[in-house]
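The primary structure of each chain is shown beneath.
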Number of protein chains: 2
Amino acid sequence: MTVDLYDTTLRDGAQMEGISLSVEDKLRIAKRLDDLGVHYIEGGWPGANPKDVEFFQRMQDAKLNNARLVAFGSTRRAGGEASSDPTLNSLITAGTDYVTIVGKAHDLHVREVLATSLEENLAMLADSVRFLKSRGKQVYYDAEHFFDGFHADPDYALSCLRATVNSGADALVLCDTNGGTITSKLLEAIERVQAAFPGVPLGIHCHNDADVAVANTLAAVECGVQQVQACINGYGERCGNANMASVIANLKLKLGMQVVSDEQLAHLSEISHFVSEVANMAPWPQQSYVGASAFAHKAGYHSDGVIKFESAYQHVDPAVVGNQRRLLVSELGGSRGLLDKLGDLGIDYPLSRDEARSLTETIKEQEAQGYQYEGADASLEMLVRRTLPGYAPAFNLDDFWVVLRRSERAERKPPTHRHSEMQAEAMVKVRIFGRGGAEDELRQTAADGDGPVDALDHAVRKALGEFYPGIDNIRLVDYKVRVVDSNAGTGASVRVLIECSDETDEWLCVGASTDIVEASWLALADAYEWWLLRHPA
Amino acid sequence: MTVDLYDTTLRDGAQMEGISLSVEDKLRIAKRLDDLGVHYIEGGWPGANPKDVEFFQRMQDAKLNNARLVAFGSTRRAGGEASSDPTLNSLITAGTDYVTIVGKAHDLHVREVLATSLEENLAMLADSVRFLKSRGKQVYYDAEHFFDGFHADPDYALSCLRATVNSGADALVLCDTNGGTITSKLLEAIERVQAAFPGVPLGIHCHNDADVAVANTLAAVECGVQQVQACINGYGERCGNANMASVIANLKLKLGMQVVSDEQLAHLSEISHFVSEVANMAPWPQQSYVGASAFAHKAGYHSDGVIKFESAYQHVDPAVVGNQRRLLVSELGGSRGLLDKLGDLGIDYPLSRDEARSLTETIKEQEAQGYQYEGADASLEMLVRRTLPGYAPAFNLDDFWVVLRRSERAERKPPTHRHSEMQAEAMVKVRIFGRGGAEDELRQTAADGDGPVDALDHAVRKALGEFYPGIDNIRLVDYKVRVVDSNAGTGASVRVLIECSDETDEWLCVGASTDIVEASWLALADAYEWWLLRHPA
C-alpha cells in the first residue's frame with residue numbers, strides 16, 4: 001500500500017486568516033517542502049492571483065528533487081469555450097506537468113453559486129479535463145463539496161466524477177470543502193465511490209471545521225485512498241486544512257507507510273517551525289508531534305514517569321520527528337522536576353534539598369509577579385545561577401532615562417496612519433564589574449533608536465561593546481508582549497518574551513513589570529548576561 | 001442512544017503548559033460549565049494539590065443545576081491499606097458523591113513506574129474501588145494507558161478492568177493517556193472490551209498527540225460508549241485532551257444527540273472564550289466551531305459564495321454555536337468583499353466602485369506598513385470613515401513627550417527581579433475640534449502612569465475628559481504586541497492590538513510603528529475616536 005503526499009500549503013494554506021506570502025516566501029517554502037519529501041507541491045492559482053503567475057515562472061528554473069509542481073485552477077466558465085478560457089490557459093502558461101482543477105460536485109452549488117444547469121456543469125467538467133489532457137497534462141479533479149454533495153444527491157455527485165473520469169482525469173480528489181463531515185459518513189461515501197469507479201485512483205482533501213480532518217485523512221488512507229492533500233501546520237481557510245505534519249507522522253509511525261525517509265521525518269519539527277516563521281504565524285505549542293509542548297511534561301507524576309522511562313507519557317520518541325522532551329517547572333511539578341530540568345540546562349551544581357526547595361519558592365514568587373519560566377530557559381538559568389555561591393555578574397545597569405517625543409502638524413486631520421516625527425532617545429549608566437581584582441568601570445552612554453527598547457538596546461551595547469565586542473553578534477529575533485492581568489488596563493503587568501540568536505544558539509528570556517520598557521529591559525539584561533557567560537571576553 | 005459529558009478542564013486541562021488556575025478561577029469556570037450543561041465536572045485531585053482541597057470545600061456550598069461534581073485521585077499505594085491511604089481518604093473528605101480513580105492498566109507501567117507486581121496492581125485496583133463503594137460513592141475507573149496496555153498485553157489490560165468491575169466500579173473509562181492511538185486501533189480495543197464486559201458502562205478519555213482526539217471520541221460514541229471525557233478548548237498535558245467544545249458541537253449537530261439544549265449550545269463560543277480568558281490563554285482563532293476564524297472567509301470565491309448563500313462555505317450556521325460569519329479584507333478578497341464587510345460594520349455610505357477600489361489600495365498600503373485589519377474592525381471602520389466626505393474627527397494629539405527613568409542602587413547585584421524605582425511621565429498637547437462652528441481648543445496636560453502607554457493614556461484622558469467625561473468608561477481589556485519583521489531586531493516594526501470594552505461594546509484596534517509607544521498610541525487613538533463616534537458629548 002502506498003500513498004502520495006500532496007501539499008497545498010502554498011495555495012489552500014495561504015488562505016488562512018493572517019497569512020500573506022510573498023513570491024520569495026513561496027519559493028523558500030517550496031524548497032523546504034521538497035526537502036521534506038512531499039510528492040506534490042500545489043504552488044498556487046495562477047488564474048486568480050498575479051503573484052502566483054510570477055511564482056510559477058520563477059519555479060521553471062528551480063530544481064525540485066522529490067516533488068512535482070502542480071498548478072491549480074477552476075473549470076471553464078459556464079457557457080464558455082475551454083480552449084479560450086483564461087483560467088484554463090493560465091494553467092498551460094504555468095508550465096507544470098501536473099494540474100488540478102476544482103469543479104462543483106454538489107447540485108446546490110451548481111444552481112446557487114454557478115447559477116447554471118446541472119448539465120452545463122457536467123459539460124464544464126468534461127471539457128476542461130479534455131482540454132488539459134489534450135495539452136499533455138496529468139489532470140487531477142478536486143471534486144468540491146463532494147461529501148456534502150454526495151449526501152444531498154449521490155447520483156449527481158457521482159455523475160460529476162464520471163464526467164471527468166470519462167474525459168481522462170488521472171485521479172478523483174474527494175474534497176470535504178466545508179470540513180463538516182465526520183469520519184463514519186466520510187467512509188460511507190468513499191466506499192460508494194470505490195464501488196462505482198473500481199481502479200480509479202482517489203485522493204482526499206479534508207478541512208478541520210469539525211476538528212477531525214487528520215483522522216478523516218488517515219481513515220481514507222486505510223480505506224485505500226492513494227493521495228492525501230494537506231497543509232503544513234494545518235493552515236487553511238477558516239479552521240484550516242488537515243495538518244500535513246500530523247498526517248506524515250501518523251502515516252509513517254502509526255500506519256508504517258514509508259511516505260518519507262527516517263531522515264526526512266527527523267526534520268519535521270524544524271520544517272513546521274520554518275514555515276510558521278516564513279508565514280509570520282506564531283507556532284502553536286500544542287501542535288501534535290512538532291509543537292513546543294508536544295512532549296512537555298507538567299504534572300509531577302508525568303515528570304516522574306518519563307524520568308523513570310522515556311515512553312511513560314510519550315507516544316513516540318520525540319527525536320524521530322525532530323522534537324524534544326521538556327520538563328516544565330510549575331506549581332504542579334515538584335523539586336524533583338526542577339533538579340532534572342537543571343540537568344537539562346547543563347547546570348551541574350549539586351543543589352541540596354533545601355536549596356532546591358528555596359529555589360522552587362523563588363520561582364513561585366516570580367510567577368506571582370507575572371514571570372513565566374516555561375519556555376524561557378535562559379532566564380530560568382540566570383535566576384538559578386544568581387543564587388549559586390560564587391556567581392559574579394558581568395555588569396549592572398545602574399540607571400536609564402528614555403525620552404520619547406512625537407509631534408504632528410496641527411491640521412484638522414486624524415492622528416493616525418501618517419508620517420509622524422517620532423524620536424526615541426536613551427541615556428544609560430552601566431557598571432562593568434572588574435574581573436580578577438580589577439576595578440569596576442562605569443560607562444555613561446546615549447543613543448537613539450526606533451522606539452524606546454531599541455534606543456536602550458543601542459546605548460547598552462555601546463557601553464558593553466567596549467569590553468565585550470562580540471556582543472554585537474546577538475540578534476533579537478522575536479519579541480512578544482502579553483498583558484498578565486488584563487483587568488488593570490494600560491496599567492496592568494506585562495510579560496515580555498525576547499528570543500535572541502547568534503551563529504550557534506537561540507535563547508529565550510522573560511521580563512515582567514507594569515512598565516513595558518522595564519519588562520523589556522529585564523529580559524534583554526538576561527539575554528546579554530546569558531550570552532556573556534558563554535563568551536567571556 | 002445517550003451519552004454523558006464529563007468535563008475535566010479543571011483537572012486534566014489545568015495540566016497544560018501555561019495554565020495556572022486559582023481556586024477562584026476554578027469556581028468561576030465550574031459555574032459556566034454547569035450552565036453549559038455538562039453532566040460531570042471533574043474538579044481536581046485533592047490528594048495531590050492543596051488548592052484542590054480548598055476548591056472542593058468551597059464547592060460544598062455551591063449549587064450546580066446540571067452537573068455532578070467529581071473528585072479525582074489514584075488507587076491506594078502498593079503494599080498499603082485502602083482504608084488508611086491518604087489519597088483515597090482525601091477523596092472521601094472532598095465530599096462528592098462521585099469519584100474517579102486512575103489506576104494502571106499497562107503491564108509495563110506497573111513494573112517500571114509503580115515498581116510492583118502485576119498481581120499487586122490488581123489488588124490495588126480492587127481494594128480501592130471496594131473501599132470507595134463501601135463509603136457510598138459512585139466510582140469510575142480511569143484505566144490509564146488502556147489502549148497501549150491492550151495492544152501490549154490484552155489479557156492483563158482486561159484483567160485490570162475485571163478487577164474493578166468485580167469490586168463494583170460503576171463505569172470503565174478507557175484512557176488513551178499518551179494520545180497516540182489512531183481511530184481504527186481504538187475501535188478494535190473497544191469492541192473487545194464490549195465483548196468481555198457486556199452491559200458495563202464505558203467511558204472514553206482521549207489525548208490529542210496524534211491529532212485525532214475528537215475523532216476518536218466520536219467514533220467511540222458511535223460504537224456505544226456512554227461517557228466522554230474532554231476539556232474545553234482542548235486544554236491538557238502536552239498536545240491537550242479531546243476538545244469538549246468540538247465534542248459537544250459534533251455530538252449535537254453531526255450525530256443528533258441532545259447532549260445539551262439548543263440554548264446551551266448557543267453559548268458555546270462565549271463559554272470557550274470565557275475559559276480562555278480565565279485561564280489567561282490566547283484563544284486559538286482556528287478552533288473548530290468557536291474560533292474567531294471558524295467562519296471567516298478570505299478567498300474571493302469563498303466570500304462571493306457565502307454572500308450568495310450562507311451555507312456555501314459553512315458546514316453549520318455559526319449562530320447555533322454562538323459564533324458569527326466574518327468576511328476578511330485581504331489581498332485575496334476583492335472590493336465586493338470589502339463592500340459587504342462595510343455593511344456588516346454598519347457603514348451604509350454608498351461607495352462608488354472607484355472609491356471602493358481606492359479604499360482597497362489604502363488598506364494594502366497600510367498592510368505593507370505592518371497593519372493588519374483582520375479582526376481589528378474598529379480601526380478598519382475608522383480608516384474608512386476618515387475617507388468619507390464630511391467626516392470630522394473629535395480631536396487630534398498634536399504632540400507628546402514621554403520620559404522614563406529607572407535607577408538602581410549600584411550594588412554588585414544582577415539587574416533583574418528586584419524592586420526598582422521606575423518612573424513614567426507623559427506630557428501631551430491635544431487639540432479638541434470645535435463642533436457646530438465653535439473654536440478648536442488646545443489642552444496641554446501631564447500625567448504619570450505604570451509605564452509609558454499608561455502615562456500617555458492618563459494624560460490624554462485628562463485632556464479629553466473635560467469635553468467628554470464618559471471617556472472614563474473605556475476599559476482596556478487586552479494589549480498584544482507582535483513584531484512584524486523580526487529580522488530587524490529591536491528596531492523592527494511592531495503591531496499593537498488593543499481590545500477595549502465599556503458596558504455595552506467590545507472593540508479591537510490596531511496600530512503599527514517601529515516605536516512601540518507610537519504604535520500603542522495609534523491604536524488607542526482609534527479606540528477613543530471609535531467610542532466618541534457612538535457617544536458624542
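Residues numbered from 1 in each chain as written. Chains lettered and ligands numbered in written order. Predicted model: local features only at pLDDT ≥ 70, side-chain atom pairs only at ≥ 80, totals over all residues. Heavy atoms only, no water.

### Considering the pairing of strand β11 (residues 395–407) of chain B
Right, so step 1: As paired elements, strand β11 (residues 395–407) of chain A and β11(B) share nine bridges and run antiparallel to each other. Directly across from A:Leu404, in β11(B), lies its bridge partner B:Val402.
Right, so step 2: Examined bridge by bridge, β11(B) and strand β12 (residues 421–432) of chain B share twelve bridges and lie antiparallel to one another. Directly across from B:Phe400, in β12(B), lies its bridge partner B:Val428. (Pairing = 2+ DSSP bridges. Helix = DSSP H or I, 4+ residues; strand = E, 2+ residues; numbered from the N terminus.)

### A short note on the domain arrangement of chain A
Right, so step 1: By the assigned domains, chain A splits into domain 1 (4–260), domain 2 (296–385) and domain 3 (395–467).
Right, so step 2: The C-alpha centroid of domain 3 of chain A is placed 53 Å from the C-alpha centroid of domain 1 of chain A. (Domains from an automatic or database assignment.)

### Details of the packing of helix α9 (residues 213–222) of chain A against helix α10 (residues 244–253) of chain A
All names here are of chain A.
Right, so step 1: Contact geometry of α9 with α10 gives a least axis separation of 10 Å together with a crossing angle of 40 degrees. Classed by the angle they form, the pair α9 and α10 counts as oblique. As α9 runs across α10, the sense of the crossing is right-handed. Here Val214, Thr217, Leu218 and Val221 of α9 come into contact with α10, specifically with Ser246, Val247, Asn250 and Leu251.
Right, so step 2: Its residues assigned to classes, the contact of α9 with α10 comprises five nonpolar, three polar and no charged. (Axes fitted to C-alpha atoms, helices over the stretch in contact; angles between N-to-C directions. Parallel < 35°, antiparallel > 145°, perpendicular 65-115°, else oblique. Left-handed = near helix turned anticlockwise from the far one by under 90°. Contact = heavy atoms within 4.5 Å. Nonpolar A, V, L, I, M, F, W, Y, C, P; charged D, E, K, R; others polar.)

### A short note on the interface of chain B and chain A
Right, so step 1: Facing 142 residues of chain B, the contacting portion of chain A comprises 141 residues.
Right, so step 2: Inspection of the region where chain B meets chain A yields four salt bridges.
Right, so step 3: Between A:Glu518 and B:Arg406 there is a salt bridge, with its nearest N and O atoms 2.7 Å apart.
Right, so step 4: At the junction of chain B with chain A, the criterion picks out 44 residue pairs in polar contact (both at pLDDT 80 or more).
Right, so step 5: For the side of chain B that touches chain A, the leading source of residues is β11(B), giving 13 residues.
Right, so step 6: Classifying every residue of the side of chain B that touches chain A by side-chain character gives 60 nonpolar, 42 polar and 40 charged.
Right, so step 7: The pairing of strand β14 (residues 475–483) of chain A with strand β14 (residues 475–483) of chain B spans three bridges and is classified as antiparallel. Bridge pairing in β14(B) places A:Val481 opposite B:Val481. (Salt bridge = Lys/Arg side-chain N within 4 Å of Asp/Glu carboxyl O. Polar contact = N/O pair within 3.5 Å; in protein donor to acceptor, adjacent residues only side chain to side chain.)

### As for the nonpolar core
Right, so step 1: If you look at the biggest cluster of nonpolar residues, it comprises 195 residues, and the most contacted ones within it are A:Phe146, A:Leu161, A:Leu251, B:Phe146, B:Leu161, B:Ile248 and B:Leu251.
Right, so step 2: Look past the residues within four positions of B:Phe146 in its chain and what remains in contact with it is B:Ala105, B:Ala157, B:Leu158, B:Leu161, B:Leu174, B:Cys175, B:Ala189 and B:Val193.
Right, so step 3: Counting residues in each nonpolar core, the second largest holds 126 residues, with B:Ile363, B:Leu380, B:Ala455 and B:Cys509 among its members. (Core = buried A, V, L, I, M, F, W, Y, C linked by side-chain atoms within 4.5 Å. Buried < 20%, exposed > 50% of the residue type's maximum accessible area, 1.4 Å probe, protein only.)

### Focus: helix α15 (residues 353–368) of chain A
All names here are of chain A.
Right, so step 1: In this model, α15 (16 residues) spans 23 Å end to end at C-alpha, consistent with the 22 Å of a helix rising 1.5 Å per residue.
Right, so step 2: Those residues of α15 that fall on the buried side of the exposure criterion are Ala356, Leu359, Thr360, Ile363 and Gln366. Angular distribution of buried residues about the axis of α15 spans 120 degrees; they occupy a single face of the element. Counted as exposed and oriented over 90 degrees from the buried face of α15: Asp354 and Ala368.
Right, so step 3: A positive backbone phi angle near 115 degrees is found at Gly370, which sits one or two residues after α15. (Expected span 1.5 Å × (residues − 1). Arc of directions from axis to C-beta.)

### Remarks on the pattern of salt bridges
Right, so step 1: In the structure shown here, the tally under the stated rule is 62 salt bridges over all chains.
Right, so step 2: B:Arg326 is paired through a salt bridge with A:Glu17; the nearest N and O atoms lie 2.8 Å apart. Taken together, the positions of B:Arg326 in strand β10 (residues 326–327) and A:Glu17 in the loop between β1 (4–7) and α1 (23–36) put the pair across two chains. Take B:Arg326 and A:Glu17: they sit in the same class, and that class is buried.
Right, so step 3: Between B:Asp209 and B:Arg238 there is a salt bridge; the shortest N-O distance is 2.9 Å.

### A short note on the state of the cysteines
Right, so step 1: Here the structure, examined in full by the defined rule, presents zero disulfides over all chains.
Right, so step 2: This cysteine, A:Cys175, is not joined by any disulfide, and A:Cys206 carries the nearest cysteine sulfur, 8.8 Å off. (Disulfide = S-S within 2.5 Å.)

### With respect to helix α18 (residues 516–534) of chain B
All names here are of chain B.
Right, so step 1: Across its 19 residues, α18 extends 28 Å between first and last C-alpha, which sits within 8% of the 27 Å expected from 1.5 Å per residue.
Right, so step 2: Summarising burial for α18: 17 of the 19 residues are buried, a large majority.
Right, so step 3: Taking the backbone nitrogen of Val517 as reference, a side-chain oxygen 2.7 Å away marks Asp515 as the first, capping residue of α18.

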